[in-house]
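Close look at the chain arrangement
Here is what each chain is made of, one letter per residue.
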Amino acid sequence: MRGTTWTRLALAGGASAACLLVAAPLASAQTTSPAPVAPITLSPEESQQVCSDWVPKLQKKADNLEKRIKGGAEVKGSVANLKARAADQRSAGHADRADQLDQRATKRQGRIGELDAAKQKLDAFASAHCKPAK
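Model, not experiment: these values are computed from the prediction. (Residues numbered from 1 in each chain as written. Predicted model: local features only at pLDDT ≥ 70, side-chain atom pairs only at ≥ 80, totals over all residues. Heavy atoms only, no water.)

1. A short note on helix α4 (residues 95–129)
- When the terminal C-alpha atoms of α4 are compared, their 51 Å separation across 35 residues agrees well with the 51 Å that a helix rising 1.5 Å per residue should span.
- By the burial criterion, the buried members of α4 are A98, L101, A105, I112, L115, L122 and A126.
- Looking at the buried side of α4, the elements it contacts are α2 (44–70) and α3 (79–91). (Helix = DSSP H or I, 4+ residues; strand = E, 2+ residues; numbered from the N terminus. Expected span 1.5 Å × (residues − 1). Buried < 20%, exposed > 50% of the residue type's maximum accessible area, 1.4 Å probe, protein only. Contact = heavy atoms within 4.5 Å.)

2. With respect to the state of the cysteines
- Evaluation of the coordinates by the stated rule reveals one disulfide.
- The disulfide bridge from C51 ends at C130, spanning 1.9 Å between sulfur atoms. Across the S-S bond linking C51 and C130, the dihedral sits near -90 degrees, which makes this disulfide left-handed. Of the two residues, C51 sits in helix α2 while C130 sits in the segment after α4, which places them 79 residues apart along the sequence. (Disulfide = S-S within 2.5 Å.)

3. Some points on the environment of S127
- In this structure, S127 sits in helix α4.
- Using a relative accessible area of 60% as the deciding quantity, one classes S127 as exposed.
- Only 3.0 Å separates the side chain of S127 from the backbone oxygen of A124, close enough to count as a polar contact. (Polar contact = N/O pair within 3.5 Å; in protein donor to acceptor, adjacent residues only side chain to side chain.)

4. Regarding the packing of α2 against α4
- In contact at an axis separation of 10 Å, α2 and α4 are set at 155 degrees when each is read in the N-to-C sense. By the angle class used here, α2 and α4 are roughly antiparallel. For the pair α2 and α4, the crossing hand works out as left-handed. Listed contacts from α4 to S47, V50, C51, V55, L58, Q59, A62, D63, L65, E66, I69 and K70 of α2 are R108, R111, I112, L115, D116, K119, L122, D123, F125, A126 and H129.
- The residue makeup of the contact of α2 with α4, split by class, is twelve nonpolar, three polar and eight charged. (Axes fitted to C-alpha atoms, helices over the stretch in contact; angles between N-to-C directions. Parallel < 35°, antiparallel > 145°, perpendicular 65-115°, else oblique. Left-handed = near helix turned anticlockwise from the far one by under 90°. Nonpolar A, V, L, I, M, F, W, Y, C, P; charged D, E, K, R; others polar.)

5. Considering the nonpolar core
- Grouped together as the largest cluster of nonpolar side chains are ten residues: A62, I69, V79, L82, A86, A98, L101, A105, I112 and L115.
- Where this core is concerned, the elements lending two or more residues are α2, α3 and α4.
- Counting residues per element, this core draws most heavily on α4, which supplies five residues.
- Setting aside residues up to four positions removed in sequence, L82 forms contacts with G77, L101, R104, A105 and R108. (Core = buried A, V, L, I, M, F, W, Y, C linked by side-chain atoms within 4.5 Å.)

6. Examining the pattern of salt bridges
- Per the stated rule, a full pass over the model turns up six salt bridges.
- The residue E66 makes a salt bridge to K119 at a minimum N-O spacing of 2.5 Å. Separated by 53 residues along the polypeptide, E66 in helix α2 and K119 in helix α4 bring together distant segments of the chain.
- With relative accessibility at 13%, the residue E66 sits in the buried group.
- With a shortest N-O distance of 2.9 Å, E114 and R111 are connected by a salt bridge. Residue E114 and its partner R111 are located together in helix α4, separated by three residues, close to a single helical turn.
- Exposure remark for R111: the relative accessible area of 35% places this residue in the partly exposed category.
- Counted as one network, the salt bridges with shared partners bring together D63, E66, K70 and K119. (Salt bridge = Lys/Arg side-chain N within 4 Å of Asp/Glu carboxyl O.)

In structure tokens, the structure reads:
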């Protein structure tokens, strides 16, 4: 038993030393603004693939997420569903769980703005780079 305790202590010490070796350069790094990112250039074939494959999939995914967030109490994962679950938990005497669900509903409601911004970026990319089918 004594050997396993010493082994555990040695492993814990070694792991701590390894974490310090990894974290020290990160902690001492200067926090400067990142270098500007160069624009990505796509060949016409790559651009067409993005327009035909990725843009519709991402638009559909954003639409589905928005429908789910804005759905009624019967839609699992919607803000209304989370608020209804929070009310149920609060009436059952589980205030901590109800607060967690309320926080999740608030955070999820805030995602709508992010989704709208992503949809606008997708639409801007599609209008600038995707040619309509003839």
